[in-house]
Amino acid sequence: EVNNRAYASDRYGSSVGLDEVDESSSSIYPNPFSNAVTLESKGGAIQISNSIGQVVWRGSVPAGKAEINLNRLPAGWYLLRSSDGKFDPIRLLKN
């Protein structure tokens, strides 16, 4: 008799799946924004892309609160991403 559970555990380890992202580890406000946003996160490298995928801002932010000045960007939708996967992408709207 074959024990599939034991075989899978031996072959692949006790857990198989994707790493979970703690969505509560980051927040951004205000959203929508006019000139700047405040990001509360674990810090690290981030980038902001416009609606056609062009990177319009790239930099590192410290852990805790960081203000990002985006007053030179035109109104529209943007996507803020953590370069190291510390949090899920966040959609931003500039008025």
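Things to note about the sheet that holds strand E2 (residues 36-41)
In step 1: On the basis of which strands lie adjacent, the open sheet formed by 3 strands has the order E1-E2-E5 and antiparallel pairing. Strand pairing shows two members of the sheet lacking a second neighbour, strand E1 (27-29) and strand E5 (64-69), which therefore form its edges. Averaged over all adjacent pairs, the angle separating strand axes in this sheet is 20 degrees, with direction ignored.
In step 2: With 6 bridges joining them, E2 and E5 adopt antiparallel strand pairing. Bridged to Leu39 within E5 is Ala66.

With respect to the sheet that holds strand E4 (residues 55-61)
In step 1: Taken in spatial order, the 4 strands of this open sheet run E4-E3-E6-E7, and their pairing is antiparallel. With one partner strand each, in any of the chains shown, E4 and strand E7 (90-94) form the two edges of the open sheet. Averaged over all pairs of adjacent strands, the angle between their axes in this sheet comes to 25 degrees, without regard to strand direction.
In step 2: Of the pairings in the sheet, the one linking strand E6 (residues 76-82) to E7 comprises 5 bridges and is antiparallel in character. The residue of E7 that forms the bridge with Tyr78 is Leu92.

Side note on the packing of aromatic side chains
In step 1: Taken as a whole and judged by the stated rule, the model has 0 aromatic pairs.
In step 2: One cation-aromatic arrangement involves Arg91 over Trp77; the distance from NZ or CZ to the ring centre is 4.7 Å.

Quick word on the pairing of E4
Consecutive residues of a regular strand have side chains that alternate between opposite faces of the sheet.
In step 1: Bridge count between strand E3 (residues 44-50) and E4: 6 bridges; the pairing is antiparallel. Paired with Ile46 across the two strands is Gly59, which belongs to E4.
In step 2: Here E3 folds back onto E4, and the loop between the two strands holds 4 residues, one of which, Gly53, carries a positive phi near 90 degrees.

Some thoughts on the nonpolar core
In step 1: If you look at the biggest cluster of nonpolar residues, it comprises 17 residues, and the most contacted ones within it are Ile28, Ile46, Ile48, Ile68, Leu70, Leu80 and Leu92.
In step 2: When residues of this core are traced back to their parent elements, those giving at least two are E2, E3, E4, E5, E6 and E7.
In step 3: For Leu92, the residues in contact, after removing those within four places along its chain, are Ile28, Asn31, Phe33, Gly76, Trp77, Tyr78 and Leu80.

Cut-off values and rules
Residues numbered from 1 in each chain as written. Predicted model: local features only at pLDDT ≥ 70, side-chain atom pairs only at ≥ 80, totals over all residues. Heavy atoms only, no water. Pairing = 2+ DSSP bridges. Helix = DSSP H or I, 4+ residues; strand = E, 2+ residues; numbered from the N terminus. Axes fitted to C-alpha atoms, helices over the stretch in contact; angles between N-to-C directions. Phe/Tyr/Trp six-rings, centres within 6.5 Å; stacked < 30°, edge-to-face > 60°. Lys NZ or Arg CZ within 6 Å of the ring centre and 35° of its normal. Core = buried A, V, L, I, M, F, W, Y, C linked by side-chain atoms within 4.5 Å. Buried < 20%, exposed > 50% of the residue type's maximum accessible area, 1.4 Å probe, protein only. Contact = heavy atoms within 4.5 Å.

No statement about biological role is implied by the geometric values presented.
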